[in-house]
Amino acid sequence: MEYYSKQISTLIEELAHLPGIGQKTAARLAFHIIDSPMENVNRLADAIRDARANVCYCKKCLTITDSELCPICADEKRNHHVIMVVENPRDLAAYEKTQKYDGVYHVLHGVISPMLGIGPQDIRLKELMQRLQTEAVDEVIIATGSSLEGETTAMYISKLIKPAGIKVTRIASGVPVGGDLENIDEVTLLRALEGRVEL
Ligand code: ZN
């Protein structure tokens, strides 16, 4: 049985597709949108459309950006000899917020998960290996999370890189197990970075 008009049901359905949004929250958001002034709704719709249309992946580190190179890769003052490997752009943002890391990044867009059938070829590892061949890199810091998948990915990358003679380090395990990096406070992140160990 349909409780709402077709348009509202469709809106609720679309919102409920977003991660972390259940039916209840979707309905609340939908009614909020319907009660909002038209100009606010247009602004939201434009922001969604523009972001999707204009955002692309940085040619080097693969984070999301709106130009060929992201501001970090384009910054000559950053240390381009140190690459921190992170799971996603949100983790990159978490480390950037500490303002203490001056190297560059590589975004994997995922982690290896045999359980979910996600293999090394499904994340942006090949691109990392290509960078290591063309860029002069002294150290690769693996900052994937401390979940089983994060650890598996770290071990896999380390085995892959080490024969090339590049120093590979892993952030310290001060990070709670299974914790999303973006939810961890800056002090813990800094400690994890400073206490990194060589693999
Ligand atoms: Zn970049």
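The coordinates are above.
What comes next concerns the included structure. This is a predicted model, so every value here is computed, not measured. (Residues numbered from 1 in each chain as written. Predicted model: local features only at pLDDT ≥ 70, side-chain atom pairs only at ≥ 80, totals over all residues. Heavy atoms only, no water.)

Things to note about helix 6 (residues 125-134)
Residues L125, L128, R131 and L132 constitute the buried set of helix 6. Each buried residue of helix 6 sits inside an arc of 115° when the element is viewed along its axis, so together they form one side. Relative to its buried face, helix 6 has exposed residues pointing more than 90 degrees away, namely K126, Q133 and T134. (Buried < 20%, exposed > 50% of the residue type's maximum accessible area, 1.4 Å probe, protein only. Helix = DSSP H or I, 4+ residues; strand = E, 2+ residues; numbered from the N terminus. Arc of directions from axis to C-beta.)

Observations regarding the pattern of salt bridges
For the structure on display, the rule yields 7 salt bridges. Between E127 and R124 there is a salt bridge, with the nearest N and O atoms lying 2.9 Å from each other. Between R170 and E151 there is a salt bridge, with its nearest N and O atoms 3.4 Å apart. Linking R170 in strand 6 (residues 167-170) with E151 in helix 7 (residues 148-161), this pair joins segments that are 19 residues apart in sequence. With relative accessibility at 6%, the residue R170 sits in the buried group. When its relative accessible area of 31% is taken as the criterion, E151 is described as partly exposed. (Salt bridge = Lys/Arg side-chain N within 4 Å of Asp/Glu carboxyl O.)

Quick notes on the environment of S158
Relative to the assigned elements, S158 resides in helix 7. Assessed through its relative accessible area of 5%, S158 is described here as buried. In this structure, the C-alpha to C-alpha distance between S158 and M129, residues 29 residues apart in sequence, is 11 Å. Beyond its immediate chain neighbours, meaning those up to four positions away, S158 contacts I142, V168 and L199. (Contact = heavy atoms within 4.5 Å.)

Concerning the pairing of strand 4 (residues 103-107)
Of all 5 residues in strand 4, 5 are buried, a share of seventy percent or more. Alignment of strand 3 (residues 79-86) against strand 4, held across 5 bridges, turns out to be parallel. Paired with V85 across the bridge in strand 4 is H106. In this fold, strand 3 hands off to helix 5 (residues 89-98), which returns the chain to strand 4; that crossover is right-handed. (Pairing = 2+ DSSP bridges. Right-handed = clockwise from strand over helix to strand, strands pointing away.)

What to know about unusual backbone geometry
Positive phi is not limited to glycine here, since L62 has a value of about 70°. Here L62 shows up in the loop between strand 1 (56-57) and strand 2 (64-65). The class for L62 is buried, based on a relative accessible area of 6%.

Points about the nonpolar core
Buried together is how nonpolar side chains tend to be arranged in soluble globular proteins. M84 and Y95 are the most contacted members of the largest nonpolar core, which totals 37 residues. Contributing elements (two or more residues each) for this core: helix 4 (71-74), strand 3, helix 5, strand 4, helix 6, strand 5 (139-142), helix 7 and helix 8 (186-194). Looking at this core, the element that brings in the most residues is strand 3, giving 5 residues. Ranked by size, the runner-up nonpolar core spans 8 residues in total, among them L15, A26, A30 and I33. (Core = buried A, V, L, I, M, F, W, Y, C linked by side-chain atoms within 4.5 Å.)

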